[in-house]
Amino acid sequence: MATEGGGKEMNEIKTQFTTREGLYKLLPHSEYSRPNRVPFNSQGSNPVRVSFVNLNDQSGNGDRLCFNVGRELYFYIYKGVRKAADLSKPIDKRIYKGTQPTCHDFNHLTATAESVSLLVGFSAGQVQLIDPIKKETSKLFNEERLIDKSRVTCVKWVPGSESLFLVAHSSGNMFLYNVEHTCGTTAPHYQLLKQGESFAVHTCKSKSTRNPLLKWTVGEGALNEFAFSPDGKFLACVSQDGFLRVFSFDSVELHGTMKSYFGGLLCVCWSPDGKYIVTGGEDDLVTVWSFVDCRVIARGHGHKSWVSVVAFDPYTTSVEESDPMEFSGSDEDFQDLLHFGRDRANSTQSRLSKRNSTDSRPVSVTYRFGSVGQDTQLCLWDLTEDILFPHQPLSRARTHTNVMNATSPPAGSNGNSVTTPGNSVPPPLPRSNSLPHSAVSNAGSKSSVMDGAIASGVSKFATLSLHDRKERHHEKDHKRNHSMGHISSKSSDKLNLVTKTKTDPAKTLGTPLCPRMEDVPLLEPLICKKIAHERLTVLIFLEDCIVTACQEGFICTWGRPGKVPAEHFCRQDSMQGVLQDQS
């Protein structure tokens, strides 16, 4: 554990921390909040969320920031590590009555210096489309709450689409909308399209095309968050029933599932190459799940309370090569990969793709991800080669990543080709947790059931050779019974045809769905620091900084090593000197 000291020192809020890259430092001048800088009384309010967009303007300062605090929504120019924040001049500010904003998402595809499309979800179930630059409100979806009356938990644009977006609710339902269509004046009628274990998908029955295009019913209880894979082909959902479910988005097929160790899952994210998914939740753990093998490969313990956000850091994920790499894709795929390297994140993704196409060359890979929780702590984690590709059962010897008695299989390769959702050539990375890119199609994938609803860019999908590993699982039932934290769905929709098979936690523990703690490596965080007074609700990795936010409504910028201009530290030191003189 990396927490320092004890007693009073442990409760002090940290303003800097050191990793192998160097010193990360909190930049007080780059703090964003409500203009009065007064801490927000957060009791009973929805979590503070932050969204970024880059407008690609010629000034070199095209970053924009949106955040919600209580009933208020703010839109600022984000100056990052370069200049101090000016809170007196928000580009747009909105105060809502009778409802609160809960989440929001920019369309990175259509954003310009003159216009930007921002979706905002609300506690009463509505979704608003606004343009904070033009200060316009163009549309309100689910206005009469005929589609779903419950709180919006997550809203995101479909990657590669200018008009399609997906909305999740605390009812456990998820809806696909098109901004060009209306929602109708009557409650929608549905027709079953596809049904599987603990999920069902319906289309909207109507003489004319209307919203929603699709209704997903997933699991039991609230659907807390979803995230698109980097190529937009797959959708990872986490629910209050404690399950991660990964779907093929176009074909609406269930790819794989995972069960939390305890309680609901609250957050989810993909690795930059789409090969791993990390979740966090009410078991205070972070769990790493392999997309290729459909199994838990590690858990991380460092938080003392619920984990609210997980995110990969594409700028610190590293690949070290000791020999020239071999490539097992086609010549066309190889030419596509040559376009990687426009920035650190894209270069890393390229090398990760090549790492998995290599059978014998010695290559070292480390994924960096982070988590924040209700314990007000920030944790950073390294997912290293010994966890990802174990060649023999690991010992209990604690290493840098604290691996505890992993019973993992040998990494044998049979030369099979496995497709993962992250090897396509992406556009420049948007600044968001889920890192969505243009959707791509896979030449051997199942046909789409959406009948061309998604008009997205299509490119060649590089199929790279991976180690094909089979896992040995313990099939015994565990005797201890763990509380699941089920929340029953209150939806009155009679068309909810999901198979409600309550999973006995005592029967899932010790199975591939939920391995015992001793059956998978246990990671300890590189750093674990208390950085706020109130619970943390935001963690976003940008190229020159890390952005966090807490429920008091303060959005903090942490400068990366070597990325902070010297004058920023000078301003900081002079301000601290003034404060000391006054005291």
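Since this is a predicted model, take the numbers as computed values, not measurements. (Residues numbered from 1 in each chain as written. Predicted model: local features only at pLDDT ≥ 70, side-chain atom pairs only at ≥ 80, totals over all residues. Heavy atoms only, no water.)

Section: unusual backbone geometry
So, step 1. At the junction of Asn211 and Pro212, the peptide bond is cis and its omega measures out at -5° in the coordinates.
So, step 2. Position of Pro212 among the secondary structure elements: in the loop between strand E15 (199-205) and strand E16 (214-218).
So, step 3. We note that Thr376 has phi near 65°; this positive angle belongs to a residue other than glycine.
So, step 4. By the secondary structure assignment, Thr376 is in the loop between strand E27 (363-373) and strand E28 (377-384). (Helix = DSSP H or I, 4+ residues; strand = E, 2+ residues; numbered from the N terminus.)

What about the pattern of salt bridges?
So, step 1. Summed over the entire model, instances satisfying the criterion amount to 11 salt bridges.
So, step 2. For the salt bridge of Arg20 with Glu21, the shortest nitrogen-to-oxygen distance reads 3.9 Å.
So, step 3. Of the charged contacts, one joins Asp241 and Arg245 as a salt bridge, the two residues approaching to 2.9 Å between their closest N and O atoms. In this pair, the class of Asp241 matches that of Arg245, namely buried. (Salt bridge = Lys/Arg side-chain N within 4 Å of Asp/Glu carboxyl O. Buried < 20%, exposed > 50% of the residue type's maximum accessible area, 1.4 Å probe, protein only.)

Description of the sheet that holds strand E9 (residues 127-131)
So, step 1. As summarised here, the arrangement of the 4 strands in space is E7-E8-E9-E10, forming an open sheet in which the pairing is antiparallel. Either end of the sheet is taken by a strand with one partner, and the two such strands are strand E7 (101-106) and strand E10 (136-141). When strand polarity is set aside, the average angle formed by the axes of neighbouring strands in this sheet is 20°. (Pairing = 2+ DSSP bridges. Axes fitted to C-alpha atoms, helices over the stretch in contact; angles between N-to-C directions.)

Description of the packing of aromatic side chains
So, step 1. Taken as a whole and judged by the stated rule, the model has 25 aromatic pairs.
So, step 2. Taking 4.9 Å as the distance between ring centres and 75° as the angle between the ring planes, the aromatic pair formed by Phe52 and Tyr78 counts as edge-to-face. Taken as a pair, Phe52 in strand E3 (residues 50-54) and Tyr78 in the loop between strand E5 (72-77) and strand E6 (92-95) lie far apart in primary sequence, 26 residues in all.
So, step 3. Judged by relative accessible area, Tyr78 falls into the buried class, the value being 1%.
So, step 4. Aromatic pair Phe75 and Phe106: ring centres 5.8 Å apart, planes at 50°, arrangement tilted. A residue pair is termed long-range when its members are at least 10 positions apart, and Phe75 in strand E5 and Phe106 in strand E7 qualify at 31 residues. Summarising the burial analysis for this pair, Phe75 and Phe106 share the class buried.
So, step 5. Through a chain of ring-to-ring contacts, three or more aromatic side chains come together here, namely Tyr32, Phe52, Phe67, Tyr74, Tyr76 and Tyr78. (Phe/Tyr/Trp six-rings, centres within 6.5 Å; stacked < 30°, edge-to-face > 60°.)

Brief notes about the sheet that holds strand E24 (residues 295-301)
So, step 1. The 5 strands lie next to each other as E21-E22-E23-E24-E31, forming an open sheet whose pairing is mixed. Both outer strands of the open sheet, strand E21 (265-270) and strand E31 (522-523), are each paired with one neighbouring strand and no more.
So, step 2. Both E21 and strand E22 (residues 276-281) contribute to a ladder of 5 bridges, which runs antiparallel. Bridge pairing links Val268 to Thr279 in E22.

Comments concerning the confidence of the model for the chain
So, step 1. Mean pLDDT over the chain: 78, with 67% of residues reaching 70 or higher.
So, step 2. Note that residues 357-362 has pLDDT below 50 and, in this model, 17 contacts with residues that lie over four places away or in other chains.
So, step 3. In this model, residues 573-583 is a region of pLDDT below 50 whose contacts with residues beyond four sequence positions or in other chains number 1 contact. (pLDDT = per-residue confidence, 0-100. Contact = heavy atoms within 4.5 Å.)

Side note on the environment of Ser260
So, step 1. As for its placement among the helices and strands, Ser260 is situated in the loop between strand E20 (253-259) and E21.
So, step 2. What makes Ser260 buried here is its relative accessible area of 2%.
So, step 3. C-alpha of Ser260 to C-alpha of Asp283: the two residues are 23 residues apart in sequence and 7.2 Å apart in space.

Points about the environment of Ile531
So, step 1. Take Ile531: it is sitting in the loop between strand E32 (527-530) and strand E33 (536-541).
So, step 2. The spacing of Ile531 and Gln377 is 154 residues in sequence and 5.9 Å in space, taken between C-alpha atoms.
So, step 3. Once you skip the residues sitting within four places of it in the chain, Ile531 turns out to touch Ile13, Lys14, Thr376, Leu378, Leu536, Thr548 and Trp558.

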